[in-house]
Amino acid sequence: GQQLNQSPQSMFIQEGEDVSMNCTSSSIFNTWLWYKQDPGEGPVLLIALYKAGELTSNGRLTAQFGITRKDSFLNISASIPSDVGIYFCAGQLFRTSYDKVIFGPGTSLSVIP
Amino acid sequence: ETGVTQTPRHLVMGMTNKKSLKCEQHLGHNAMYWYKQSAKKPLELMFVYNFKEQTENNSVPSRFSPECPNSSHLFLHLHTLQPEDSALYLCASSQWTSGGANTGELFFGEGSRLTVL
């Protein structure tokens, strides 16, 4: 079945550094989504992408929908301590009621002050 | 505050107990979901309800029984669970169009942490 891979699995960075993480799939998706989960909380939607090649920003976050429709990346610029958490990518093939959103295993981010 | 409230936040139960998880959404959405989150595994979709009708049952064991009395409330009834069912159970909601289009934008609650002894 459809499966998403995220890399890196975890990362430790210094405050102020830029972060890059990506998500790949063996099959195409028509929607890519990025969520963040803080410790003890549920995931929160950060960015949604609906078109191949689309580049979208949300504050210090920038995400791109890969041109092959099989990948997406998320960049965080000038990281701060509150960026700590698990970042999940998610994909959906069709925007229909019967199509599931598939989640990746997550990238765990730690920021060292 | 995401607009999706789950209770209880933590639950410990024995294998023979019966308990229920509750979810309420204040976003006016028409679809609600139960997800299971286990350590080091991707989020697993369990059930989907659209306009109170169950549209997805993702091969979930019958010891998990969902109930959706209206589009704002969702329950997960638990009975004779196993220790491997210990996990974070997340409720989510989203808005589907009248034509059935689903953007994939999910709004999650904070989760109910379940421990089965």
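Model, not experiment: these values are computed from the prediction.

Describing the pattern of salt bridges
Argument step 1. In the structure shown here, the tally under the stated rule is 5 salt bridges over all chains.
Argument step 2. Between D83 of chain A and R60 of chain A there is a salt bridge, with the nearest N and O atoms lying 2.8 Å from each other. In this pair, D83 of chain A sits in the loop between β8 (71–76) and β9 (85–92) while R60 of chain A sits in the loop between β6 (55–58) and β7 (61–65), placing the two residues 23 residues apart along the sequence.
Argument step 3. The salt bridge partner of R63 of chain B is D85 of chain B, with a shortest N-O separation of 2.7 Å. One end of the pair, R63 of chain B, is in the loop between β6 (53–57) and β7 (64–70); the other, D85 of chain B, is in the loop between β8 (73–79) and β9 (87–94), and 22 residues separate them in sequence.

Observations concerning the interface of chain B and chain A
Argument step 1. Between chain B and chain A, the residue contacts involve 21 residues of the former and 22 residues of the latter.
Argument step 2. Together, the buried faces of chain B and chain A total about 1700 Å²; carbon and sulfur atoms form 52% of this surface.
Argument step 3. Taken together, the links from chain B to chain A amount to 0 salt bridges.
Argument step 4. Run the count over chain B and chain A and you get 6 residue pairs in polar contact (both at pLDDT 80 or more).
Argument step 5. Elements supplying a minimum of two residues to the side of chain B that touches chain A: β4 (31–37) and β9 of chain B.

What about the sheet that holds strand β1 (residues 4–7) of chain B?
All names here are of chain B.
Argument step 1. What the 4 strands build is an open sheet, ordered β1-β3-β8-β7; its pairing is antiparallel. Sheet topology places β1 and β7 at the edges, where each strand pairs with a single neighbour. Shown here is a sheet whose adjacent strand axes are inclined to one another by a mean of 15°, direction ignored.
Argument step 2. Pairing geometry for β1 and strand β3 (residues 18–25), over 4 bridges, is antiparallel. Each bridged residue has a counterpart across the sheet, and for T5 the counterpart in β3 is E24.

Cut-offs and rules
Residues numbered from 1 in each chain as written. Chains lettered and ligands numbered in written order. Predicted model: local features only at pLDDT ≥ 70, side-chain atom pairs only at ≥ 80, totals over all residues. Heavy atoms only, no water. Salt bridge = Lys/Arg side-chain N within 4 Å of Asp/Glu carboxyl O. Helix = DSSP H or I, 4+ residues; strand = E, 2+ residues; numbered from the N terminus. Contact = heavy atoms within 4.5 Å. Buried area = accessible area lost by both parts, 1.4 Å probe. Polar contact = N/O pair within 3.5 Å; in protein donor to acceptor, adjacent residues only side chain to side chain. Pairing = 2+ DSSP bridges. Axes fitted to C-alpha atoms, helices over the stretch in contact; angles between N-to-C directions.

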